[in-house]
Structure formats: structure tokens, C-alpha cells
Amino acid sequence: MVDYDVICSGSLMGINYRKIESNSVGYKEDYEMYSLDFEEFLWAKGYKDIQIESFYQKMINTTPLTQNEYNIMLESFREYMVLSGMPAVVFRFVKQKNYSGTLKMQQQLLLDYEEDITKYAGGLDKGKILNIYRKIPVLLGQDNKKFQVSKIHKGARNRDFIGVVDWLDNAGIINICYCLSQPELPLRGNYNPNNYKLYFRDTGLLIGSLDEEVQEDLRYNKNFNTYKGALYENIIADTLVKQGYQLYFYKNAKGTIEIDFL
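Let us look at the structure shown here. All values derive from a computational prediction rather than experimental measurement.

Details of the packing of helix α5 (residues 102-120) against helix α6 (residues 126-140)
Right, so step 1: It is the contact of α5 with α6, at a shortest axis distance of 9 Å, that shows an interaxial angle of 155°. Our classification of the angle between α5 and α6 gives roughly antiparallel. Where α5 crosses over α6, the handedness of that crossing is right-handed. Judged by residue contacts, L110, Y113, E114, I117 and T118 of α5 engage K126, I129, L130, Y133 and R134 from α6.
Right, so step 2: Considered class by class, the residues forming the contact of α5 with α6 number six nonpolar, one polar and three charged.

Encoded structure:
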């Protein structure tokens, strides 16, 4: 018998693992790949490790950045918010040194995800999955960003959407942030599985889902006041997940205390 080293990758590979007849326990190692984080975005722009390390040390030592350093980093982070981490999108921006064509690429990625949903959803209602997927920007734009089925479809019930949100999560399209019953440890054993918020796993896809007027404001006028709260929440959620954290938030029953992430 001959042993082979095999690398499997691709769209929705995790969901389709069930099609593999046999997985040898102890002989398989899984890696979850994400789009670029901010540090990797800086690498793509040409920053060296020693430069990034100097910023880390200043943060660790609570040493203020110079005004020039602050302005440069703020501009880079604004670029990252608009583009986020899809490699092809970042590559085009870095190569051209402008945003030209990046929005079209993001919008195509959104369409590609929709195509994957219709192709891989299996026994689940593809229409319901698409409905939730398309409504995420609307939910994030509201003051109460909590996911509610009634906001997705009039008269809808939670039991009608069982498995739909989990499918989007397993497919690597969204991040789920659960509400804690109390802001205390253990977090994983202290949340309400029926109370949560949804975020895009890549903030650039959230950007790509917005209308043309907002795109103009973000890309060329650098106006982040439009939809700013949703963008910052989404990118912080994305950042935490890329660092290996599960997402949790807390809001008390009276609504007088709210913590976006714990």
C-alpha cells in the first residue's frame, strides 16, 4: 500500500467533507483560512516586519505615535476598511495604487457566494439562505443589530429557519456574535443561542453590498460617517475571529447596558 500526501482546498470544502468516505483519525490536519488581516494588508503594501514591530512596541508600551505615523496608519486602515482582505482585491489595489476596479471585484465575489449557495445548499431552502445573506447589510444598518427572523420575512418563524444561519457560518460567509446571558465566565457556557448578530466574514464584502452613493463617499470622499457604526463593528468582529476568538456581546434586558464584544 502506498501513502500519499494530499492537500484539499476550495469553496465550501468543510461542508462537503461528508462526501469523503473515510477520514483516517490522526492522519488529517485541518487549517481554516481567512482573508488578509490588517498586518497582512500592510505586508502587501510593502511594509517590513521591523516597521510593523515598531508599531506593536509603541502600543505595548503605550507610547504615542508621531503625527506622521498616525496619519499614515489611519489612511492605511481606512483603505483596509474599504478593501478588506480578499487577496485578488488587495493585489489589484496595491498594483494600481488606486481603487479602480476593486468594487466590481467585490460585487462579483458577492455573486459568486450566491452561486455557491444555490450549488451547495443541499436539502436546505436555498431561498431562505439567500434571503438572510442579502439582508445582512440591512440588519447591520439598524440601531438594534440583533438578528430577527421577522425582519427577514413577514410572518417568518425561527423554526422555519433552523440550520440556515449555521450553514452560512460553516460555509465561511458570516461570523455569528452571540448574546451572553450574563457578562461573566465561562463565555462559551453562558450565551443565548437564539439571540445573536450576524456579520460578514470579510468587511470588503459588506462594502461591496452598499449602494453607489455610499461607495463614492467611502472611496473618494473618505467619508466614513455614512454607515460608520456597522463598518467598524464588522471589521472588529472580523479581526477578533481571525485571532481565534469566538464572538460574544452583552445587552441587559432594559437596554441600558450594551457591550459590543467581550
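Still to come is the rest of the account.
Digging into the environment of Y47
Right, so step 1: Along the chain, Y47 turns up in the loop between α1 (38-44) and α2 (49-60).
Right, so step 2: Leaving out residues up to four positions away in the same chain, Y47 has contacts with L42, I52, I72, M73 and S76.

Comments concerning the packing of aromatic side chains
By convention here, two paired aromatic rings are described through the distance between centres and the angle between planes.
Right, so step 1: Summed over all chains, the structure comprises eleven aromatic pairs.
Right, so step 2: Aromatic pair F38 and F41: ring centres 6.4 Å apart, planes at 20°, arrangement stacked. Here F41 and F38 lie together in helix α1, a separation of three residues that amounts to about one turn.
Right, so step 3: Overall, the relative accessible area of 23% leaves F38 in the partly exposed class.
Right, so step 4: On the numbers, 6.3 Å between centres and 40° between planes, the contact of F77 with Y80 is tilted. On the criterion of helical spacing, the pair formed by F77 and Y80 is a turn pair, its members being three residues apart in helix α3 (residues 67-83).
Right, so step 5: K197 extends its terminal NZ or CZ atom over the ring of F249, reaching a point 4.4 Å from the ring centre.

Digging into the pattern of salt bridges
Right, so step 1: Tallied over the full model, the rule gives eight salt bridges.
Right, so step 2: Residues K242 and D238 are paired through a salt bridge, measuring 3.0 Å at the closest nitrogen-oxygen approach. Placement of the pair is K242 and D238 together in helix α11 (residues 228-242), with a separation of four residues, close to one helical turn.
Right, so step 3: Since its relative accessible area comes to 13%, K242 is described here as buried.
Right, so step 4: In this structure D238 comes out as buried when scored by relative accessible area, which is 1%.

Points about the sheet that holds strand β2 (residues 191-200)
Right, so step 1: Across the sheet, four strands lie side by side as β2-β1-β3-β4; this open sheet has mixed pairing. Among the strands making up the open sheet, the edge pair consists of β2 and β4 (258-259).

Here's the deal with the environment of F93
Right, so step 1: As for its placement among the helices and strands, F93 is situated in helix α4 (residues 87-96).
Right, so step 2: Apart from the residues lying within four places of it in its own chain, the contact partners of F93 are F41, E79, L83, N98, Y99 and T102.

Side note on the nonpolar core
Right, so step 1: If you look at the biggest cluster of nonpolar residues, it comprises 58 residues, and the most contacted ones within it are I132, L168 and I173.
Right, so step 2: Among the elements that line this core, the one with the most residues is α6, at seven residues.
Right, so step 3: Residues within four places of I132 in sequence aside, it is in contact with F147, I152, F161, V164, V165, L168 and L198.
Right, so step 4: Counting five residues, the second-largest nonpolar core is a separate cluster that includes L42, Y47, I52 and M73.

What to know about the side chain of D238
Right, so step 1: Among the polar contacts listed, one links the side chain of D238 to the side chain of K242, at a separation of 3.0 Å.
Right, so step 2: Apart from the residues within four sequence positions on either side, D238 is in contact with Y80, S84, N175, R201, D202 and T203.

Rules behind the numbers
Residues numbered from 1 in each chain as written. Predicted model: local features only at pLDDT ≥ 70, side-chain atom pairs only at ≥ 80, totals over all residues. Heavy atoms only, no water. Axes fitted to C-alpha atoms, helices over the stretch in contact; angles between N-to-C directions. Helix = DSSP H or I, 4+ residues; strand = E, 2+ residues; numbered from the N terminus. Parallel < 35°, antiparallel > 145°, perpendicular 65-115°, else oblique. Left-handed = near helix turned anticlockwise from the far one by under 90°. Contact = heavy atoms within 4.5 Å. Nonpolar A, V, L, I, M, F, W, Y, C, P; charged D, E, K, R; others polar. Phe/Tyr/Trp six-rings, centres within 6.5 Å; stacked < 30°, edge-to-face > 60°. Buried < 20%, exposed > 50% of the residue type's maximum accessible area, 1.4 Å probe, protein only. Lys NZ or Arg CZ within 6 Å of the ring centre and 35° of its normal. Salt bridge = Lys/Arg side-chain N within 4 Å of Asp/Glu carboxyl O. Pairing = 2+ DSSP bridges. Core = buried A, V, L, I, M, F, W, Y, C linked by side-chain atoms within 4.5 Å. Polar contact = N/O pair within 3.5 Å; in protein donor to acceptor, adjacent residues only side chain to side chain.

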